[in-house]
Each structure stands twice: as C-alpha cells, then as structure tokens.
Amino acid sequence: MIYLDYAATTPLDSRVFDAMLPYFTENFGNPSSTHRYGQKAEAAVETARETIAGILNCRPDELIFTSCGSESDNLALRGVALARRKQSGANRILTARAEHHAVSKTAERLEKEDGFQVEWLPLDEFGRVTAQAVEQALSADTALVSVMYSNNEIGTINPICQIAEICRKYAVPLHTDAVQAAAYLPVDVEALGVDLLSLGAHKFYGPKGIGALYIRKGTPIQSILTGGGQEFGLRAGTHNVPLIVGLAEALRLAHVERPQRVAHLLPLRDAIIATVQETIPDVRLTGHPTERVPNHASFVFKGVDGNLLINLLDAAGFACSSGSACKTGNPQPSEVLTSLGLPREWALGSLRVTLGLGTTSEDVQAFLQTLPEVVEKARELSVPR
Ligand SMILES: *Cc1c(COP(=O)(O)O)cnc(C)c1O
C-alpha cells in the first residue's frame, strides 16, 4: 500500500514521539500545580511555547495551545467576532467558500445564531482570494477577515501579505488558517502581517489532537471555553503536556528541514502534475499551477465518480483522497470546486494526491503507471448524475 494522502494526516515522526514519551510517564504533572511535578510540566509547556514563538517570530504570550486546528479556527472566528462587536459594533465577517469547514461552518453558525452577517469573498480561477476582492468587501463594520494560507483541497497559496496590508489599512483583524501551510511554507507572522494564525500538529508529522493559535497582542478576543484560567484565560482545560511538546518538536523539525523537504517533494509533485495531464484525457488541474504547496497535486476528471475512483485506487494499492478527508462519502460535489465554477460532471470527479517525506520516486512512478487504467475503469463504471 502506498500512502498519498498526507494532506489528510501525516505519520508521527519518531523523533517527535521520543520527545513526547517522558511526558506520558515519569513527567506526568499538571502544569498548574505549584509543587515540583507541576513545575517540571510547566517548564516543558513554556519551553514548547518559546520554541514555537521563535519560529512564528512572535512573543510566547501571543501563542495559546488548543486541542486541534479546528478549535484554533473556532476560537479565532468566534472569539474575535464577539469581542469586536462588543467593542465597536462591527458585525460583518469576510471569508470564502474555499475555507476548511472549521472556518466556513463557524462563520455560518455565527450568522445563523449570533446575528453576524457573513460575506463570501469571490475566488479567482485558481481558488485564490485576491487583495482587491478583500478591499472591495471591507467596510467600517467588518469585525474580522479570515483567509486561509494554503488550501487543503486544491493546494493554492493565497497572497496573505497583500491581504494583510489591506486589512491593516482598515484596522480590521486578519486570521489565517495555516494548518495545511505550516508543513512547507514559512509561518513568520511579522512577514505575513496577520493578527491570528491557526496551526495543527498532525499535518506536519506531529501528534493528532493538538493545535495552537497565534493572537497578536491587542487583538480583541474572548474565550469560547469556560473553566480554569489556563492559556492567559483564553483556553480552559489542563494542558496536554506530551502533545504540546510534540507540536513544538514537529514544528521545529519542519522549520529546520524545510529546504530539504521542499527539494524532495517539488520534482515529485511536478512529475505527477505533468504526467497526469499528458496521459489521461478530459482532466484538469485544480488550483494554481505554481502558487501551490510543494506536496500537493489535485485534479478533476470529467464523467468520473470521485468516490469510486478513490475505492478503485485503494484496491490497486494507493491511498488518495477526493478532496478534504472530512468529506469522504459525501455525494455532493465539493463547495471549493463548484465555487471555482467547475460544472458538476467535472467537480464530482476530483482526486487529491498529496506527498510526504516517505514518498519515493518509485512510488510516484507506480502511481502514474496505474492511474490511467483506473480512471478509464472508473469512467466506464460511473453512472452519469
Ligand atoms: C486539517 C485542517 C484543519 C483541521 O485541523 P484538525 O487539527 O484536524 O482539527 C483546518 N484547516 C485546514 C486547512 C486543514 O487542512
């Protein structure tokens, strides 16, 4: 079996596992306790916070730990929207249909149940949100803008720096979901100019169930989880010390090994993008041809049932995805693909191939040899819908 679904999740790096281990067993203390068990655990949490802050180029007290990327997105949207409205009456949220559901569903809920007005930013043909689109939509009553750094389904990288410049001009906080991007793109919050940034460890060889949120000093935000005063009063709950240690070590490794990782992946990705388009009829690349994360290739095949294609590939020994992992089994075309203007008979036939540190060029060759016949078979078996 060859795993080509690294955008859904990555295996835990054994070096990260080793760093985490002692905090499951002998160093089990609660960081909120004042005795030495607590102090040791607290030191591990604060060291992890400093490591991450160094990579994000922020202050340690601008970073809080959460349970996952989704929770970071929820806190960013809900926490800032509610606090901004209280402070200034601003009640509009600008975001896009291409966002991960952790952002788009949260925005919908804020609209339905909390009286916010959500404006969906238009996308260009590559699935990008442009700075001009943000500038056109911004107004004095915008509470928050949320635009993802790179897209999990189509790999496209958004022009976050330019969007941040516009948001700064209008003094509106900008959140970016960097859960997918952090594996391969720099996450320097000063260079990006963002006010909030979400991370999730399992997308970059860290453990599942741990995330972080960067919150620029002075950004209005309120907690969405009530309880203890952990994380500067913004996120109640006893710290998950081993997972926090794992998040920091995984991000540190992603940061120091980034050049080698990118150099390994880029030629493999580009071989897939070129060969699939050469060898298979009625196929389109989705997302941007070059402004995309280095491990990500995504396509739509006309007249193919995407879920059937994934099952046939699985039977042939390849684990791929038809888009976001959360949508598997859903017969509706992805909102991301339909918002790019793709007709239904194309959008239903989506395939996402995402590579990782374990991917070899032999894996890629084997995949490229198998894919054309699998697509043909899927086309024959697909009932037009
Ligand atoms: C995976 C992912 C999330 C959700 O992160 P979890 O840690 O799985 O909750 C959010 N946004 C993007 C872009 C993702 O790829």
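Rules behind the numbers
- Residues numbered from 1 in each chain as written.
- Predicted model: local features only at pLDDT ≥ 70, side-chain atom pairs only at ≥ 80, totals over all residues.
- Heavy atoms only, no water.
- Pairing = 2+ DSSP bridges.
- Helix = DSSP H or I, 4+ residues; strand = E, 2+ residues; numbered from the N terminus.
- Axes fitted to C-alpha atoms, helices over the stretch in contact; angles between N-to-C directions.
- Phe/Tyr/Trp six-rings, centres within 6.5 Å; stacked < 30°, edge-to-face > 60°.
- Buried < 20%, exposed > 50% of the residue type's maximum accessible area, 1.4 Å probe, protein only.
- Lys NZ or Arg CZ within 6 Å of the ring centre and 35° of its normal.
- Salt bridge = Lys/Arg side-chain N within 4 Å of Asp/Glu carboxyl O.
- Contact = heavy atoms within 4.5 Å.
- Domains from an automatic or database assignment.
- Buried area = accessible area lost by both parts, 1.4 Å probe.
- Polar contact = N/O pair within 3.5 Å; in protein donor to acceptor, adjacent residues only side chain to side chain.
- Near = heavy atom within 4 Å.
- Areas by Shrake-Rupley, 256 points an atom, 1.4 Å probe, with all protein chains shown as cover.
- Nonpolar A, V, L, I, M, F, W, Y, C, P; charged D, E, K, R; others polar.

Caption draft 1: Representation of the sheet that holds strand 4 (residues 117-121) in the model. Read across the sheet, seven strands follow the order 2-8-7-6-5-3-4 without closing on themselves; strand pairing throughout is mixed. Of all the strands in the sheet, just strand 2 (63-66) and strand 4 have a single pairing partner and so form its edges. The mean angle between the axes of side-by-side strands here comes to 20 degrees, regardless of whether they run parallel or antiparallel. In this sheet, strand 8 (residues 211-215) lies alongside strand 2 in antiparallel orientation, the contact comprising four bridges. Each bridged residue has a counterpart across the sheet, and for Leu-63 the counterpart in strand 8 is Tyr-214.

Caption draft 2: Local environment of the packing of aromatic side chains. Tallied over the entire structure, the rule returns five aromatic pairs. Judged by centre distance (6.4 Å) and plane angle (45 degrees), the rings of Tyr-6 and Tyr-205 are tilted. Of this pair, Tyr-6 sits in the loop between strand 1 (2-3) and helix 1 (14-20) while Tyr-205 sits in the loop between strand 7 (196-200) and strand 8, placing them 199 residues apart in sequence. We note that Tyr-6, like Tyr-205, is buried. Where Phe-28 meets Tyr-37, the ring centres are 5.4 Å apart and the plane angle is 40 degrees; that geometry is what we call tilted. Grouped by ring-pair contacts, the aromatic residues Tyr-3, Tyr-6 and Tyr-205 constitute a single cluster. The ring of Phe-116 has Arg-85 sitting right over it, with the charged end atom 3.9 Å from the ring centre.

Caption draft 3: The pattern of salt bridges, seen in detail. Scanning the model with the defined rule gives 21 salt bridges in all. Between Arg-78 and Asp-114 there is a salt bridge; the shortest N-O distance is 3.5 Å. One end of the pair, Arg-78, is in helix 3 (residues 69-88); the other, Asp-114, is in helix 4 (residues 101-114), and 36 residues separate them in sequence. Looking at Arg-78, the relative accessible area reads 18%, which means it is buried.

Caption draft 4: A look at unusual backbone geometry. Look at Asn-57: it is not a glycine, yet its phi comes out positive at around 60 degrees. As for its position among the elements, Asn-57 is in the loop between helix 2 (36-56) and strand 2. Judged by its relative accessible area of 37%, Asn-57 falls in the partly exposed class.

Caption draft 5: Up close: the environment of Ala-378. Structurally, Ala-378 is set in helix 13 (residues 361-381). Owing to a relative accessible area of 0%, Ala-378 belongs among the buried residues under this scheme. Expressed as a C-alpha distance, the spacing of Ala-378 and Arg-269, which sit 109 residues apart in the sequence, is 23 Å. Apart from residues no more than four positions distant in its own chain, Ala-378 is found in contact with Val-304, Leu-308, Leu-309 and Leu-312.

Caption draft 6: Representation of the domain arrangement of the protein chain. Its domain assignment divides the protein chain into domain 1 (14-256) and domain 2 (258-381). Summarising the inter-unit geometry, the C-alpha centres of domain 1 and domain 2 are found 28 Å apart. Contacts between domain 1 and domain 2 engage 29 residues on the former and 31 residues on the latter. Summing both partners gives a buried area of about 2,600 Å² for domain 1 against domain 2, and 55% of it is carried by carbon and sulfur. When residues of domain 1 are sorted by the area they lose upon contact with domain 2, Glu-153, Ile-154 and Tyr-184 head the list and together hold 32% of the total. On inspection of domain 1 and its partner domain 2, the count reaches zero salt bridges. Counting across the domain 1 and domain 2 interface gives 14 residue pairs in polar contact (both at pLDDT 80 or more).

Caption draft 7: Molecular detail of the site of the ligand. Around the ligand sit Cys-68, Gly-69, Ser-70, Asp-73, His-100, Met-148, Asn-152, Asp-177, Val-179, Gln-180, His-202 and Lys-203, and those are all the residues in its vicinity. Side-chain polar atom of His-202 to an oxygen atom of the ligand: 2.9 Å apart, as the coordinates give it. In the complex, the protein chains occlude 89% of the 380 Å² of accessible area that the ligand would expose alone. Grouping the amino acids of the shell around the ligand by side-chain chemistry returns three nonpolar, six polar and three charged.

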